[in-house]
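# Survey of secondary and tertiary structure
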Amino acid sequence: MVSLVQRIAIGPGRHAPARFVLAAALLLAAAIPAAAQQPAPAAAPQAGVPDSLTINKLIWSAMAAVDQANQTGNYSVLRDLGAPSFQANNSAATLATVFAALRNQGINLSYTLALVPTLQFPAAIAQNGLLRIRGVFPLRPNAIGFDLLFQNVNGQWKIFGISVVPLVAQTQQSGPNRH
């Protein structure tokens, strides 16, 4: 079984800061006491997995928010689109630091808005009620990987954790030719 905090990029760990936001969100979700995860008797039923159109909209919205934040250097809107716990744990300055490597590499995420993403597994609601969506945009020369967590807040899916990384193209490494 694949760990929730597994690397989705192939190659060196230079994208570790971008994964920090997702890892922190996963740890925060796991740290919530079991009693807090149980809905109150009068609480509305837990939201189910949205349809594929909504899933794609959530992905594209997150990608657009990161792209625009990287272009402007202003991460306030990305932060404000998040769930309350995402906002509490991430200042705009923290998000700027987290996505600095992506920004400094000049990765243009706007191209992701023109493609349907390839999901690595179907979107699912985890035991903690978070919607997890993980996949890839098959761009060239490097695909863009994403791992997103959303929390349903008052009927709207809000960013709870986010990781966006360029995936290093894997080349076949051949040893010395032996004849």
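This is a predicted model, so every value here is computed, not measured.

## Points about the overall build of the protein chain
Looking only at helices and strands, the protein chain features seven helices and five strands. Overall, the protein chain shows an N-to-C arrangement of helices and strands of α-α-α-α-α-α-α-β-β-β-β-β. Taken across its 179 residues, the protein chain has 39% of its residues classed as buried. Contacts in the protein chain between residues at least 24 apart in sequence constitute 61% of all its contacts with a sequence separation of at least 6. A total of about 10300 Å² of accessible surface is found on the protein chain, and carbon and sulfur atoms cover 57% of it.

## A few points about the environment of Ile107
In this fold, Ile107 is placed in the loop between helix H7 (100–104) and strand E1 (118–119). Assessed through its relative accessible area of 22%, Ile107 is described here as partly exposed. Along the chain, Ile107 and Gln71 lie 36 residues apart, while their C-alpha atoms are 9.8 Å from each other. Beyond its immediate stretch of four places on either side in the chain, Ile107 contacts Leu102, Ile144 and Pro166.

## Focus on the pairing of strand E4 (residues 143–153)
Across the eleven residues that make up E4, a large majority, nine, are buried. Linking strand E3 (residues 131–137) to E4, which pair antiparallel, is a turn of five residues. As defined by bridge partners, E4 adjoins strand E5 (residues 156–167) across eleven bridges and the pair is classed as antiparallel. Bridge pairing in E5 links Phe146 to Val164. Remark: two residues form the turn of the hairpin made by E4 and E5, two consecutive strands paired antiparallel; Asn154 in that turn has positive phi of roughly 50 degrees.

## Side note on the side chain of Thr112
As for its position among the elements, Thr112 is in the loop between H7 and E1. From its side chain, Thr112 meets the backbone oxygen of Leu109 in a polar contact 2.5 Å long. Not counting residues up to four positions away in its chain, the partners in contact with Thr112 are Trp60, Met63, Phe137, Leu139 and Ile144.

## Structural notes on helix H3 (residues 52–72)
Given a rise of 1.5 Å per residue, 21 residues ought to cover 30 Å, and the 30 Å separating the end C-alpha atoms of H3 matches this to within 8%. Three or more residues of H3 are buried, namely Ile55, Asn56, Leu58, Ile59, Ala62, Met63, Ala64, Ala65, Val66, Asp67, Ala69 and Asn70. Lining the buried residues of H3 we find helix H4 (76–80), H7, E1, E3, E4 and E5. Taken from the residues just after H3, Gly73 is the one with a positive phi, measuring 75 degrees.

## Focus on the pattern of salt bridges
Pairing is possible between side chains that carry opposite charge, provided their charged atoms lie close to one another. Scanning the model with the defined rule gives two salt bridges in all. For the salt bridge of Arg79 with Asp80, the shortest nitrogen-to-oxygen distance reads 3.3 Å. Residue Arg132 pairs with Asp147 through a salt bridge whose shortest N-O separation is 2.5 Å. In this pair, Arg132 sits in strand E3 while Asp147 sits in strand E4, placing the two residues 15 residues apart along the sequence.

## A word on the packing of aromatic side chains
Evaluation of the coordinates by the stated rule reveals two aromatic pairs. With a centroid separation of 6.5 Å and an interplanar angle of 5 degrees, the aromatic rings of Tyr75 and Phe99 are classed as stacked. In this pair, Tyr75 is assigned in the loop between H3 and H4 and Phe99 in the loop between helix H6 (92–98) and H7, connecting sequence segments 24 residues apart. Here Phe99 falls in the buried class, since its relative accessible area comes to 0%.

Rules of the game
Residues numbered from 1 in each chain as written. Predicted model: local features only at pLDDT ≥ 70, side-chain atom pairs only at ≥ 80, totals over all residues. Heavy atoms only, no water. Helix = DSSP H or I, 4+ residues; strand = E, 2+ residues; numbered from the N terminus. Buried < 20%, exposed > 50% of the residue type's maximum accessible area, 1.4 Å probe, protein only. Contact = heavy atoms within 4.5 Å. Areas by Shrake-Rupley, 256 points an atom, 1.4 Å probe, with all protein chains shown as cover. Pairing = 2+ DSSP bridges. Polar contact = N/O pair within 3.5 Å; in protein donor to acceptor, adjacent residues only side chain to side chain. Expected span 1.5 Å × (residues − 1). Salt bridge = Lys/Arg side-chain N within 4 Å of Asp/Glu carboxyl O. Phe/Tyr/Trp six-rings, centres within 6.5 Å; stacked < 30°, edge-to-face > 60°.

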